[in-house]
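Topology and contacts: notes
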Amino acid sequence: MTDRYGDSLSRRSLLRAGGAALLAPALASPALSQGQSEVIRIGHLTPRTGFLGPLGEFAVQAAQLAVEEINAAGGIAGRKVELLSEDSVNPQTASAKAERMVQRDRVACLVGEINSASALAISQVAQREKILFINTGANSDALRGSDCKRFMFHVESQNTMMVRACGRALLDRGLIKGRKVYALTADYAFGHDLLKQAKKYFAANDATLVGEDLIPTELTDFSPFLLKLRQAKPDLVICNLAGAQITNFLKQYSEFGLPFPVAGFGFDTALAWGAGPGNFLGTWPVIWHHQIDSPSAKKFVAAFKAKYKKPPENQGWGDYTAMKVVAQSMNELKSTESIKVVEHLESGAKFDIAKVREGYFRPWDHELMQEMFAITALPADQVKNPYDIFSSTGPLPGPGENLEILATTRDENACTFPA
């Protein structure tokens, strides 16, 4: 990929490279100084409607909280940060809104998204416009591999990290090796990629896939698939669904009273809360949860509870963390220029990400190296409130393990940044 240093001096590139003072004084330039009064706008795109809407609500709330905290601490080099938040809806709409935010609203960067197809669409705008995009919720390995972009970074984990984190817990429980598995998978980019990574894991660990179904994202009645599960009698049901699909499936699975253990390779804690005590079942991977025992995690949880009267979940953590990474980087650089932030993130800069260990972005695929967790539903008689309904493993990788052990290697998921 080429960066700004190879750009021609078009009017647009001059504006983003610091020539705004010469061409249009009313527009903000990327160089920072204490004397500037202009706000720094950050474009935030995430699903607010549809099957991912419940997760998008947490994303917006957490991003707003982060911006409030950033501004209370002095903003970015004394300039106030303004969050422009919109419903990304679908890939076409996400692309159009991202382009408008960059070209009309002159945002300093783009943050957000949950849908992998929409994240790809936003990344194409970011690459074309040479503006930073931090993906906070899309998991597809392809976004870090065949579809990687130099101006796209990932706070969210890739699917392989989810599979390997949960897989460790399932192996410990004897539910993988030599077992029969049935998979239900969301029928869109995220689900297809997740199933691909799951099949690799099954093959590597001696599990047999005895059945698989692709589930339309708009489906609400799972009874035909539950009848198929009853007939197949698997040792483990793998739920590779997404958003409200998972909540609906878990409720109906409980109603059917099927005896087979349930697990999944993609999850958000809001979906457990939506299913409710007694309906939430099984073992699942999460990138973060509200019970993590670290000072910054406790501070984030307390602030979110004070503002919204509920704990944050992992999607909220992603958007909150991305905002803090952006502000910290721009303050350290004293610049909002995207290429400078990209180079800073590629340099191995470390960040407090509300976990036990600090995180950093790998320079070759821009994935955040970080701890993961696997959570398991508590029995109903152990549940004390609507939110603390699961137990958790310790951080994965564990103490002393390399943070990159769960992620793909270059050979497994090669990334070549496009020109």
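Residues numbered from 1 in each chain as written. Predicted model: local features only at pLDDT ≥ 70, side-chain atom pairs only at ≥ 80, totals over all residues. Heavy atoms only, no water.

Let's talk about empty space enclosed by the protein
Applying the stated criterion across every chain yields a total of 1 cavity of 30 Å³ or more. Approximately 150 Å³ is the volume attributed to the largest cavity. For the largest cavity, the lining is made up of 19 residues, of which Ile114, Gly137, Asn139, Phe190 and Asp268 are closest to its centre. Its residues assigned to classes, the lining of the largest cavity shows 11 nonpolar, 6 polar and 2 charged. (1 Å grid on protein atoms, 1.4 Å probe; cavity = no way out; pocket = protein on both sides within 12 Å on 5 of 7 lines; lining within 4 Å. Points joined across faces, edges and corners; volume = space filled by probe spheres on them. Nonpolar A, V, L, I, M, F, W, Y, C, P; charged D, E, K, R; others polar.)

Quick word on the confidence of the model for the chain
In this model, the chain carries an average pLDDT of 91, and 91% of its residues clear a pLDDT of 70 or more. Residue range residues 1–30 is modelled with pLDDT below 50. Its contacts to residues more than four positions away, or to other chains, number 68 contacts. Of the regions scoring below 50 in pLDDT, residues 32–37 engages in 15 contacts with residues more than four places distant in sequence or in other chains. (pLDDT = per-residue confidence, 0-100. Contact = heavy atoms within 4.5 Å.)

Let's talk about the pairing of strand β3 (residues 109–112)
Alternating residues of β3 divide into Cys109 and Val111 and Leu110 and Gly112, and every residue in both groups is buried. Sheet topology places strand β1 (residues 40–46) next to β3; 4 bridges connect them, and they run parallel. Paired with Leu45 across the strands is Gly112, a residue of β3. In the sheet, β3 pairs with strand β4 (residues 133–135) via 3 bridges, with the strands oriented parallel. Residue Leu110 lies in a different strand from β4, and its bridge partner there is Phe133. (Buried < 20%, exposed > 50% of the residue type's maximum accessible area, 1.4 Å probe, protein only. Helix = DSSP H or I, 4+ residues; strand = E, 2+ residues; numbered from the N terminus. Pairing = 2+ DSSP bridges.)

Section: the packing of helix α3 (residues 91–103) against helix α4 (residues 116–129)
The geometry of a pair of packed helices is captured by two quantities: the angle between their axes and the separation between those axes. Across the interface, α3 lies against α4 with an axial gap of 8 Å and an inter-helix angle of 30°. Between α3 and α4, the crossing angle belongs to the class labelled roughly parallel. Here the hand of the crossing between α3 and α4 comes out right-handed. Counting all contacts with α3, which are made through Pro91, Ala94, Ser95, Ala98, Glu99, Val102 and Gln103, the residues of α4 involved are Ala117, Ser118, Ala121, Ile122, Val125, Arg128 and Glu129. Considered class by class, the residues forming the contact of α3 with α4 number 8 nonpolar, 3 polar and 3 charged. (Axes fitted to C-alpha atoms, helices over the stretch in contact; angles between N-to-C directions. Parallel < 35°, antiparallel > 145°, perpendicular 65-115°, else oblique. Left-handed = near helix turned anticlockwise from the far one by under 90°.)

Some thoughts on the sheet that holds β1
The 5 strands lie next to each other as β2-β1-β3-β4-β5, forming an open sheet whose pairing is parallel. In this open sheet, the two strands that pair with only one neighbour each are β2 (81–87) and β5 (152–154). Each adjacent strand pair in this sheet contributes to an overall mean axis angle of 25°, direction not counted. On the sheet, helix α11 (residues 314–333) packs against β1, β2, β3 and β4 and is oriented at approximately 155° with respect to β3.

Quick word on the state of the cysteines
Scanning the model with the defined rule gives 1 disulfide in all. Covalent S-S linkage joins Cys148 and Cys415, the inter-sulfur distance amounting to 2.1 Å. Across the S-S bond linking Cys148 and Cys415, the dihedral sits near 95°, which makes this disulfide right-handed. Taken together, the positions of Cys148 in the loop between β4 and β5 and Cys415 in the segment after β15 (390–392) put the pair 267 residues apart, joining distant regions of the chain. The exposure class of Cys148 is buried, given its relative accessible area of 2%. Overall, Cys415 belongs to the buried group, its relative accessible area being 13%. (Disulfide = S-S within 2.5 Å.)

As for the packing of aromatic side chains
Counting across every chain of the model gives 17 aromatic pairs. When the centroid spacing of 5.9 Å and the interplanar angle of 45° are considered together, the rings of Tyr188 and Phe190 count as tilted. Pair check on accessibility: Tyr188 and Phe190 agree, each one buried. Centroid distance Phe300 to Tyr320: 4.0 Å. Interplanar angle 25°. Geometry classified as stacked. Pair noted here: Phe300 is in helix α10 (residues 295–308) and Tyr320 is in helix α11, with a separation of 20 residues, a long-range link. By way of ring pairs, the aromatic residues Phe58, Trp273, Trp288, Phe300, Phe304, Tyr308, Tyr320 and Tyr387 are connected into one cluster. Between the NZ or CZ atom of Lys310 and the centre of the ring of Phe58, over which it lies, the distance is 4.2 Å. (Phe/Tyr/Trp six-rings, centres within 6.5 Å; stacked < 30°, edge-to-face > 60°. Lys NZ or Arg CZ within 6 Å of the ring centre and 35° of its normal.)

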